[in-house]
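The chain contents come next:
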Amino acid sequence: MKNILRPALVLFVALSLLTGIAYPLLVTGLAKNLFPAQAHGSLILRDGQVVGSTLIGQHFTTPAYFWGRPSATSPMANNAAASGGSNLGPMNPALVDAVKARVAALRAADPTNTAAVPVDLVTASASGLDPHISPAAAQYQLDRVAKARQLPTQVVQGLIDQATQRPLLGLLGEPVVNVLQLNVALDAHSGHAPLN
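Colleague: Got a minute to help me understand the pattern of salt bridges in this structure?
Modeller: Here the idea is simple: oppositely charged side chains can pair when their charged atoms come close. Under the defined criterion, the tally for this structure stands at 2 salt bridges. Linking Asp130 and Arg69 is a salt bridge whose minimum nitrogen-to-oxygen distance equals 3.6 Å. Taken together, the residues Asp130 in the loop between helix H3 (93-109) and strand S3 (132-133) and Arg69 in the loop between strand S2 (49-53) and H3 connect sequence positions 61 residues apart. A salt bridge links Asp187 to Arg149, with the shortest nitrogen-to-oxygen separation between them at 2.9 Å. Taken together, the residues span a long stretch of sequence, with Asp187 in helix H6 (residues 179-190) and Arg149 in helix H4 (residues 135-149) at a distance of 38 residues. Arg149 shares its class with Asp187; the two are buried.

Printed below as a string of structure tokens:
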């Protein structure tokens, strides 16, 4: 029995040390040295303070900021501890009502904008944490934000262009705009009040 038990126990301890301690320490060390920003959560700093992460959306509702995708997380929007979608199908009356309410909120924030509302401004992502909107969604909000900040539309357009992330190698994915990065850039440009 000892002949079988001892090698099994030694192998168990060795593999536990290798896969439970050595490997995670190696991978963490490599990540911190090769990709320090990503290894620390892709955090965005303003005046030395963390205002968010490029990986997790934030809920903006004031006209002076670009608004991100709606979030179906609970108990609050963009709750990283409760990632998930609404799981409502396209024929569900609750989803239809939610989309109508979101369209109404966008129209109320900018009554002169009669353009079609981009779908990503009124539908939540599957994770409920999507930090990006489409360039079309940013364009839809351009005039509202420029008026609220009393900035020329060309200046705000330039900030949108700078915040637009292009597809990888020009092929993989779609262009997207990181809402938090764009709003931080707006604040830096106009010296506006802190993020909400």
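Colleague: Just checking my understanding: could you explain the packing of helix H5 (residues 153-163) against H6 for this structure?
Modeller: Packed helix pairs are characterised by how far apart their axes lie and by the angle those axes make with each other. As a packed pair, H5 and H6 sit with axes 10 Å apart at the nearest point and diverge in direction by 140°. Here H5 lies oblique to H6, going by the angle between them. Handedness of the H5/H6 crossing: right-handed. The residues of H6 that touch H5, namely those facing Val155, Val156, Leu159, Ile160 and Ala163, are Leu182, Ala185, Leu186 and His189. Among the residues making up the contact of H5 with H6, the classes are represented as 8 nonpolar, 1 polar and no charged.

Colleague: Would you mind showing me how to read the packing of aromatic side chains here?
Modeller: Ring pairs (aromatic) are described by centroid distance and by the angle formed between their planes. Scanning the model with the defined rule gives 1 aromatic pair in all. Centroid distance Phe60 to Tyr65: 5.4 Å. Interplanar angle 35°. Geometry classified as tilted. Given a relative accessible area of 2%, Tyr65 falls into the buried group. Lying over the aromatic face of Trp67, Arg144 brings its terminal NZ or CZ to 4.5 Å of the ring centre.

Colleague: I tried to follow the side chain of Arg149 on my own but got confused; where do I start?
Modeller: Owing to a relative accessible area of 7%, Arg149 belongs among the buried residues under this scheme. At a separation of 2.6 Å, a polar atom in the side chain of Arg149 contacts the main-chain carbonyl oxygen of Ala64.

Conventions we followed
Residues numbered from 1 in each chain as written. Predicted model: local features only at pLDDT ≥ 70, side-chain atom pairs only at ≥ 80, totals over all residues. Heavy atoms only, no water. Salt bridge = Lys/Arg side-chain N within 4 Å of Asp/Glu carboxyl O. Helix = DSSP H or I, 4+ residues; strand = E, 2+ residues; numbered from the N terminus. Buried < 20%, exposed > 50% of the residue type's maximum accessible area, 1.4 Å probe, protein only. Axes fitted to C-alpha atoms, helices over the stretch in contact; angles between N-to-C directions. Parallel < 35°, antiparallel > 145°, perpendicular 65-115°, else oblique. Left-handed = near helix turned anticlockwise from the far one by under 90°. Contact = heavy atoms within 4.5 Å. Nonpolar A, V, L, I, M, F, W, Y, C, P; charged D, E, K, R; others polar. Phe/Tyr/Trp six-rings, centres within 6.5 Å; stacked < 30°, edge-to-face > 60°. Lys NZ or Arg CZ within 6 Å of the ring centre and 35° of its normal. Polar contact = N/O pair within 3.5 Å; in protein donor to acceptor, adjacent residues only side chain to side chain.

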